[in-house]
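Listed below are the residues making up each chain.
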Amino acid sequence: MNQTLWIARHGDRQDHADSNWYRSSSNPFDPPLSAKGEKQAIALAQRLGGEKINYIFASPFLRTVATAHAVAEVLDLPVQLEPGLGEFLSGYSFPYLPKMRSSSELKADFPRINLNYESPQGWQYPETWSMAQQRMTSTIQRLTTQYPENLLLVGHAASVKGLTQALITRKPKLKTSLCCLVKLVADDDGWNLELAGDTSHLELAGVASQSHLLRAALRYYRYYRYAYRYQPELPR
């Protein structure tokens, strides 16, 4: 078996750049890429432009679709929306199931989306990490079996971790930075980890600092408390 699997995290989010994002957006838990994130997505696309990739799958969240679409433009490929690559839907991370755009709404902005692709994976909320790990394991096994060629999967920090751990028996040391890249190569003995969260392609686009991410996490936590306590009409 010869197959290469690339796993990427989305680029920087608009809520990381805009402190008012949550209160001003109708979809507060589905932010787009920030201007920096768009540059990171382009850098990722340039990094993968010379690679032989046959299929691109993306989590249906806006930030992951935008990141995948940038790569799809360079590789001239469609993008399949795959809920199995989606965010870890913990009740500790989301006060309710995130409201997201439909596939047809996304395609209006990202024309490379393939509306003919249908995933058997649905959403579960709230989700434990064990449930998320099972979802990602099932998804990666299904995709690598049904599409035994070279794949790019674009997801979230949890996706980078969960998908990689599903294929590597020992716990790999991974970096899950924004727009990082994991590379797994299969041979007759199984999967080998060749890149464990590489960000060298972001030299010009910029890597998010730890303080930047901490400030963003604090804003998220504050809005989470607000949404959970003071918006009881929202679906739980």
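Going along each chain's sequence as written, the residues are numbered from 1 onward. Local features in this predicted model are restricted to residues of pLDDT 70 or higher, and side-chain atom pairs are both shown and tallied only at a pLDDT of 80 or more, whereas totals for entire chains, interfaces and linings draw on every residue. Just so you know, side-chain values use all the structure's heavy atoms and leave hydrogens and water out.

### Quick notes on the overall build of the protein
Per the convention used, a helix needs a DSSP run of H or I reaching at least four residues, while a strand needs a run of E reaching at least two, with both numbered from the N terminus. When you go through the protein residue by residue, the secondary structure sums to eight helices and six strands. With 236 residues in all, the protein has 52% of them scored as buried. Total accessible area on the protein stands at roughly 11,400 Å², and carbon and sulfur atoms take up 48% of it. With a 1.4 Å probe rolled over the protein chains alone, any residue whose accessible area is under 20% of its type maximum counts as buried; one over 50% counts as exposed, and the rest are partly exposed. Each accessible area value is a Shrake-Rupley result obtained with a 1.4 Å probe; residue values ignore everything except the protein chains displayed when judging cover.

### A word on the pattern of salt bridges
Whenever a carboxyl oxygen of Asp or Glu lies within 4 Å of a side-chain nitrogen of Lys or Arg, that contact is scored as a salt bridge. By the definition in use, this model includes nine salt bridges. Notably, a salt bridge pairs aspartate 15 with arginine 13, separated by 2.7 Å at the nearest N-O pair. The exposure classification of aspartate 15 matches that of arginine 13, with both residues buried. Here the residues in one salt-bridge network are Glu73, Asp76 and Arg112, joined through shared partners.

### Here's the deal with the packing of helix α6 (residues 129-146) against helix α7 (residues 157-167)
Throughout, an axis means a line fitted to C-alpha atoms (over the contacting stretch in the case of helices), and angles, computed between N-to-C directions, take values from 0 to 180 degrees. Between α6 and α7, the shortest axis-to-axis distance is 9 Å and the interhelical angle comes to 65°. Here α6 runs over α7; the crossing is right-handed. Contacts between α6 and α7 involve Trp129, Gln133, Met136, Thr137 and Ile140 from the former and Ala158, Ser159, Lys161, Gly162, Leu163, Gln165, Ala166 and Leu167 from the latter. Crossing handedness is read from the near helix: turned anticlockwise from the far helix by less than a right angle, it gives a left-handed crossing, and turned clockwise, a right-handed one. Residues are treated as being in contact if the distance between any of their heavy atoms lies within 4.5 Å.

### Some remarks on the nonpolar core
Each nonpolar core is a collection of buried residues, namely Ala, Val, Leu, Ile, Met, Phe, Trp, Tyr and Cys, held together in the definition by side-chain atoms within 4.5 Å. Counting residues in hydrophobic clusters, the biggest one holds 30 residues, and the most contacted among them are Leu48, Ile53, Ile56, Val71 and Leu152. Contributions of two or more residues to this core are made by β1 (3-9), α3 (35-48), β2 (55-58), α4 (62-75), β3 (79-81) and β4 (151-155). The leading source of residues in this core is α4, at eight residues. If we skip the residues at most four places from it in the chain, leucine 152 touches Trp6, Ala8, Leu48, Ile53, Tyr55, Ile56, Phe57 and Val71.

Don't take any of this as a statement about function, it's just geometry.
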